[in-house]
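Observations on the model geometry
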Amino acid sequence: MSNLITCKSVSKSFGAQALFQNISLMVGNGDRIGVIGPNGSGKSTLLKIICGLEEQDGGQLLRRKFVRLSYLAQEDLFDEEHSVSHNLMAALNDEDIEETEKYYRIDTLLSRAEFPDSDAPVKNLSGGWRKRLSICRAMLVAPDVLVMDEPTNHLDIEGILWLEKMLTGNAGPSAFLLVSHDRHFLENCSNRMVELSAVYPEGTFQVQGSYSEFLEKREEFLVGQMEEEERLANKARREIEWLRRGPKARSTKAKYRIDEAYKLTGELAEVKARNRSLSNVQIDFEATGRKTKKLLEAQGIAKAFGGRTLFSDLDIVLSPGSRLGLLGRNGCGKSTLMKILAGAADPSGEVPDSGTIKAVDKIRVVSFDQNRATIDPALSLRRALAPEGDAVMYNGRSLHVVSWAKKFLFRPDQLETPVGQLSGGEQARILIAGLMRQPADILLLDEPTNDLDIASLDVLEASLLDFPGALVLVSHDRYLLDRVCQRLLGFGGKSGVIYYADYEQWLADLPETGKVEESAKKGSGKGGQEPVEKKGNGRLSYMDQREYDQIEEIIAAEEARVELLQKKMELPEIVVNPDGLDQCWQELELTQAKVEQLYHRWDELEGKKIG
């Protein structure tokens, strides 16, 4: 079968800077492609080119006739004043389908997305629910290829697991192409990996297989390329030594030998340049070096917000070398707890409603907020990295801004670039650079991984493991939590806010959707008795009830369509027209299959209603 999308030698530059050159990529039915690469390598731009939102500078982009693409951007743009359902209906305005089909698609997707209220204005949604709505909108048009740029941004762990199920289930798209830095997500969803990087001769490295298989093959390739550099270096050294001999010695050699020597030096320079582009960000958090058994101790602390208990009777001890992860749905109180811990070093900071917090004298707490302070987009990279001059103080010594910039993979010629022209990952590295200039006893990191590429994530993880102070980390990156944290404090479980061994144990302890509020109100920090779960009372959820109320009417409409198509096939002008007859027959088959699915769904809803 022909490819749905084919990119042939596609190139793109911005000004004098080449993002990528000669990129070739094919997308066919069944492809689940994960795209990775360093920040600024052009991943988002490539997706936009594939979707026709930007023009390539060179090469060809071929799409199969009538192929349907849907694009999920990083930014979630909606009609804020209107409801969830209204925004989805607007996405179907240009679709040539019947109204009943539109309502059926929307209700089915919202039900699968577990939206609590489809009539709620979009402006009231949290970041996680906005992202779910964006994903539903992208899938609503039933695309042949779903193209997604960082789809897990703003999703909590449950949301990421939901997305994995949506993409890999029977109702998922036939093919998708996505950019992501979530390694567990890539492992679970992708059957092909593509990395964009200047380290590869063709600009990309592509492997048919999972993310873990990709890592193995990439390591083999990079080791081979380093060995190739060594081989070329030895050969070039011999040839250069010969070239440096006197004219008499060179005259005895064939001219091709001279040409070969120059060719070798050129090849060596290319391989060296590719291998040098493997450099990673140098992240190293500075500790105060304080010697004490306990940096901070919280006993029996509690906090409520808007009449809802976020946590109560909670004990926390932070010692040098301790690494605590916080888990929970968006809005459960993780960020509030981080602010309370930060308040130990700030008398004007957030305080608990009850309980005590004791910290060592003059404790240094450094925080990284998920609602990052935006950097002035007009500010130059030089001034963003070194606000007070052309040097920064780090680990007790002065570093020139050029050396400081190189630690974060910025080139000297980028220093006058406005921050607004940098990628999201590059801007994230600027913020981390600011953190590293501040010695800390305790690091409080709230979603530090957003926008960082995988190479930067690896270095960040290693730096956190080496940090001698205490760490409290909020993250939805399961790989990071597994590797870095010694224990996890989970919110929203059946037993309230308690400690867990890993995130899977926390997931298993979560109550069913819709019972989180009840559990949160009982939030006990030390465990205690588990709340008794109520058995099903035979009531449907809001979305299920809405679907149930409409499904009989939808079935009647589809059955009428079946009857209409059957009569149409008996018409003389259709009978004598093979193409028209075949088209009508295929439409009849699809409609009959839809009726069967609707009846099956009706039975499911009836069972829930009775049970």
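Report on the accompanying structure.

Conventions adopted
Residues numbered from 1 in each chain as written. Predicted model: local features only at pLDDT ≥ 70, side-chain atom pairs only at ≥ 80, totals over all residues. Heavy atoms only, no water. Pairing = 2+ DSSP bridges. Helix = DSSP H or I, 4+ residues; strand = E, 2+ residues; numbered from the N terminus. Axes fitted to C-alpha atoms, helices over the stretch in contact; angles between N-to-C directions. Buried < 20%, exposed > 50% of the residue type's maximum accessible area, 1.4 Å probe, protein only. Polar contact = N/O pair within 3.5 Å; in protein donor to acceptor, adjacent residues only side chain to side chain. Contact = heavy atoms within 4.5 Å. Phe/Tyr/Trp six-rings, centres within 6.5 Å; stacked < 30°, edge-to-face > 60°. Lys NZ or Arg CZ within 6 Å of the ring centre and 35° of its normal. Arc of directions from axis to C-beta. Salt bridge = Lys/Arg side-chain N within 4 Å of Asp/Glu carboxyl O.

1. Structural notes on the sheet that holds strand β13 (residues 354–359)
A sheet is described by the order of its strands in space; here 3 strands give the open sequence β11-β10-β13, paired in antiparallel fashion. What marks the edges here is a single partner per strand, and that holds for β11 (308–318) and β13. Sheet twist, expressed as the average angle between the axes of neighbouring strands with direction ignored, equals 20°. Strand direction decides the pairing type here: strand β10 (residues 296–305) and β11, joined by 7 bridges, are antiparallel.

2. Looking at the side chain of Thr591
Topologically, Thr591 is positioned in helix α20 (residues 578–610). By relative accessible area, which is 5% here, Thr591 ends up buried. One polar contact links the side chain of Thr591 to the main-chain carbonyl oxygen of Glu587, over a distance of 2.8 Å. Setting aside anything within four residues of it in sequence, one finds Thr591 in contact with Glu558, Arg561, Val562 and Leu565.

3. Concerning the environment of Gly331
Relative to the helices and strands, Gly331 resides in the loop between β12 (323–327) and α10 (334–342). For Gly331, a relative accessible area of 58% puts it in the exposed group. The spatial distance from the C-alpha of Gly331 to the C-alpha of Gly127 is 9.8 Å, given a sequence separation of 204 residues. Aside from chain neighbours lying at most four places away, what touches Gly331 is Arg308 and Leu310.

4. Here's the deal with the pairing of strand β8 (residues 192–196)
For β8, the tally of buried residues reaches 5 of 5 residues, placing the bulk of the element in the interior. What you see with β8 is no split at all: Arg192, Val194 and Leu196 on one side and Met193 and Glu195 on the other are buried throughout. Bridge count between strand β3 (residues 32–36) and β8: 4 bridges; the pairing is parallel. Bridge pairing in β8 places Val35 opposite Val194. Sheet topology places β8 next to strand β9 (residues 204–208); 5 bridges connect them, and they run antiparallel. Among the inter-strand pairings, Arg192 is bridged to a residue of β9, identified as Gln208.

5. Digging into the packing of aromatic side chains
Going through the model one piece at a time under the given rule, you end up with 8 aromatic pairs. Residues Tyr200 and Phe205 carry aromatic rings whose centres are separated by 5.2 Å and whose planes lie at 20° to one another, so their mutual orientation is stacked. The exposure classification of Tyr200 matches that of Phe205, with both residues buried. Consider the rings of Phe205 and Phe221, whose centres lie 5.2 Å apart with planes at 35°: the pair is tilted. Highlighted residues: Phe205 in strand β9 and Phe221 in helix α7 (residues 211–243), separated in sequence by 16 residues. Residue class for Phe205 comes out buried when judged on its relative accessible area of 14%. Residue classification places Phe221 among the partly exposed positions, given a relative accessible area of 26%. Connected via pairs of aromatic rings, a cluster forms that spans Tyr200, Phe205, Tyr211, Phe214 and Phe221. Taking NZ or CZ as reference, Arg132 lies 4.8 Å from the ring centre of Trp129, over its face. Stacked on the ring of Phe410, the Lys or Arg Arg429 has its end atom at 5.0 Å from the ring centre.

6. Some words on α10
Because an α-helix packs 3.6 residues into every turn, residues spaced three or four apart end up facing the same way. For α10, the full list of buried residues reads Lys334, Leu337, Met338, Ile340 and Leu341. For α10, the angular spread of buried residues about the axis comes to 160°, placing them on one side.

7. What to know about the pattern of salt bridges
In total, this model carries 27 salt bridges according to the counting rule given. A salt bridge links Asp353 to Lys303, with the shortest nitrogen-to-oxygen separation between them at 3.5 Å. In this pair, Asp353 sits in the loop between α10 and β13 while Lys303 sits in strand β10, placing the two residues 50 residues apart along the sequence. Between Arg382 and Glu416 there is a salt bridge whose closest N-O contact spans 2.7 Å. With a gap of 34 residues between them, Arg382 in helix α11 (residues 381–385) and Glu416 in the loop between α12 (401–407) and α13 (424–436) connect regions that are remote in the sequence. Each of the salt bridges in this network shares a partner with another, and the network as a whole consists of Arg183, Asp458, Glu461, Asp477 and Arg483.

8. Section: the sheet that holds β9
Across the sheet, which stays open at both edges, the 6 strands sit in the order β5-β6-β7-β3-β8-β9 with mixed pairing between neighbours. Whereas interior strands pair on both sides, the edge strands pair on one side only; in this sheet they are β5 (69–72) and β9. Here the strands of the sheet are splayed against their neighbours by 15° on average, with no regard to which way each runs.

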